[in-house]
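Chains, contacts and geometry: an overview
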Amino acid sequence: MIIEQLDALPPSLPLLNNLKVHPDDSSSTSLKVLDWDWNQPQPLSSLPGDTLLFAAMTENRQIAGLLALDPRHGQIVLFCVSERTHDAGISVSLLRAAEQAAKRQRCFQLEAAVLLSSVPFFLKEGYELVRQSESRASLPGRFLMRRSLKLHLVIAAETWKTGRTALDLARLVQQALPQTKIAACDLSDGQNGFVEALILQSAYQRIRIRLSDESEVSYAIRGNNAVLQLNRHGPADSSRFASEIIQDALRRGCRRFYLTLSSQSPHDGGQGLLEGLGARFIMDGPQIVAMDDSELRKQIRGLTFIGLCDTLQSLAPDEKPLSPLSEWLRFSDCRQEAGARAGHQIGLMLLSILKGKCLSASQQLIRAIGFSSRLQDADLLLLVSDRKPGRPENVSPIALVLQACRSQRIPFYLLSCESAWLSSDCTLSPDHVQILDLSRPDDELLSLLRQRIFGSHTPSSSSFSKTWR
């Protein structure tokens, strides 16, 4: 059964006579509201002009259920399901489609006047029976049901400069909209905060270790997977610290290693990492002339290495090597593979020597935290970033989130302190971008959020004129 929103129906409704309702059949899931009588089919002119129509369609395109919603008044003016289906799931699906449409129209309260046989169904779906004294019309034989609809907000944040996380922002927004359901997701393209984002979403477990230089670092594990941030560490511009993390993860049973590669990675091309895993390089001054990898091969046997980066560009034929190791690998066939340029050409080492591969950090994070499921049934997406837009060739998490948002037709705003987003290549309309200083105190930021964004997305701003016609 498929739920569809109809643009129009035939000029009258006799075609739907198979949907006749038997109000006395209390076991039926059929519903009838207001003063519709299926024994006397009504013309469409009886419905308000802005009515939204939803139909449950069978595989052979027959209508098995119909719901009409008046979003301006927050009223379900027609709701019935064919008695031949005996499927309560159709009624639930139609009702959920109407509720989502109502929230998109900024209507956060629905009412329906139903027959006695339909009261249990509405009660089960979260509606409340309104007292007669609160009813605004006399509807003999009908019972007024009402439900307040919660705004479902998703906050996706890439905010590592200000130190705020998506969860911090969610707690702040919850103060402005206490009845709102909020899902918080931290984003990263591998440049900053990738491991932290995985841990904050509870997708991975945090592991803290003390390195040989007495500093403490964190990485993330789940099952036999380990994720480490390959950013410059300490005063030495070497990737050797990463080998200590890998050794620790090996002792914990990890066999698959994800290394984030970015502009903040060490400039040694991964030489320190290889030396920490047993490789010996024979040098002629600053140049590498040979490598003894016998011990390295023992260490990495059965292991998988994956580079996570924000760009999957290969190395151009005339591109200058950035390290002695990159110079030694300048004739490698892997120069043309995706990701060879990443992390100051550490990607080239990973592809050539560790026989790994490079993937988009943004795509892997979106998949790991289950962002698509978090976006389901969302009424509004709030994107937050304290960084400037990335280069056009980068696969940014912001772009991926916007793509998912548009495919599901979810309204969104981008909140940033960087005005460059107004002229970015993310096809963002200025109406979708709010330039705010994210480092403001909580009370000031909360006040601005109320004024600029949530003022038009809350029940208090909607017009709830409930005059039953």
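Sequence order as written defines the numbering, with residues in each chain counted from 1. Owing to the predicted nature of the model, reporting of local features is limited to residues with pLDDT of at least 70; listing and counting of side-chain atom pairs is limited to 80 or more, with chain, interface and lining totals taken over all residues. Excluding hydrogens and water, the side-chain figures rest on all heavy atoms present in the structure.

1. A short note on the packing of aromatic side chains
Heads up, the condition is: Aromatic pairing here means that ring centres of Phe, Tyr or Trp (its six-membered ring) are within 6.5 Å. Orientation follows from the plane angle: under 30 degrees is stacked, over 60 is edge-to-face, and everything else is tilted.
All chains considered together, the criterion is met by six aromatic pairs. An aromatic cluster is present here, built from F79, F121, F122 and Y127 joined pairwise through their rings.

2. Concerning helix α3 (residues 166–176)
Stated precisely, the cut-off is as follows: Here the term buried applies to any residue with accessible area under 20% of the maximum for its type, exposed to any over 50%, and partly exposed to those in between, with areas from a 1.4 Å probe on protein chains only. Helix and strand definitions here come from DSSP, where helices need a minimum of 4 consecutive H or I residues and strands a minimum of 2 consecutive E residues; each element is numbered from the N-terminal end. Think of it as the arc spanned by the lines of direction from the helix axis to the C-beta atoms. Contact definition: two residues touch when any of their heavy atoms are within 4.5 Å.
Looking at α3, one finds that the buried residues are A166, L169, A170, L172, V173 and A176. Buried residues of α3, seen end-on, are gathered within an arc of 165° and therefore sit on one face of the element. Residues of α3 that are exposed and point more than 90 degrees away from the buried face comprise R171 and Q175. Elements in contact with the buried residues of α3: β8 (152–158), β9 (181–186), β18 (380–385) and α13 (442–452).

3. Here's the deal with the sheet that holds strand β16 (residues 304–309)
Put simply, the rule is: What makes two strands pair is DSSP finding at least two bridges between them. Whenever a helix is involved, its axis is fitted only over the stretch in contact; in every case the axis is a line through C-alpha atoms, and angles between N-to-C directions fall within 0 to 180 degrees.
Spatial ordering of the open sheet is given by β10-β11-β12-β13-β16-β17, a layout of six strands whose pairing is mixed. Single-partner strands in this sheet number two, and they are β10 (205–210) and β17 (357–360). Between one strand axis and the next, the sheet turns by 30° as a mean value, whatever way the strands run. Pairing between β10 and strand β11 (residues 216–222): six bridges, direction antiparallel.

4. Here's the deal with the nonpolar core
Put simply, the rule reads: Grouping buried Ala, Val, Leu, Ile, Met, Phe, Trp, Tyr and Cys residues that are joined through side-chain atoms within 4.5 Å yields what is termed a nonpolar core.
In this structure, Y219, F257, L274 and F305 are the most contacted members of the largest nonpolar core, which totals 45 residues. Within the second largest apolar cluster, 38 residues are counted, among which are I199, A361, V401 and L402.

5. Examining the layout of surface pockets
Where empty space is left can be seen by rolling a probe of water-molecule size over the atoms. This is how it is decided: A 1.4 Å probe that fits but cannot get out identifies a cavity on a 1 Å grid over protein atoms alone, an open set with protein on both sides within 12 Å along at least five of seven lines counts as a pocket, and a residue lines either if it has an atom within 4 Å of a point. Grid points are joined across faces, edges and corners, and a volume is the space filled by probe spheres set on the points. Polarity classes work like this: nonpolar for Ala, Val, Leu, Ile, Met, Phe, Trp, Tyr, Cys and Pro, charged for Asp, Glu, Lys and Arg, and polar for all others, with Gly in that last group.
Looking at the second largest pocket, its volume works out to about 270 Å³. Partitioning the lining of the second largest pocket into residue classes produces two nonpolar, three polar and seven charged.

6. Details of the pairing of strand β3 (residues 63–70)
Extensive coverage of β3 is indicated by the burial of eight of its eight residues. With six bridges joining them, strand β2 (residues 52–57) and β3 adopt antiparallel strand pairing. Looking across to β3, one finds that F54 is bridged to L67. Adjacent in sequence and paired antiparallel, β2 and β3 are bridged by five residues, among which R61 carries a positive phi angle near 65°.

7. Observations regarding the sheet that holds β9
Here we have five strands laid out as an open sheet, ordered β9-β8-β18-β19-β20, and parallel in their pairing. Because the sheet does not close on itself, it has two edges, and the strands there are β9 and β20 (433–435). Ignoring strand direction, the axes of neighbouring strands in this sheet form an average angle of 20°.

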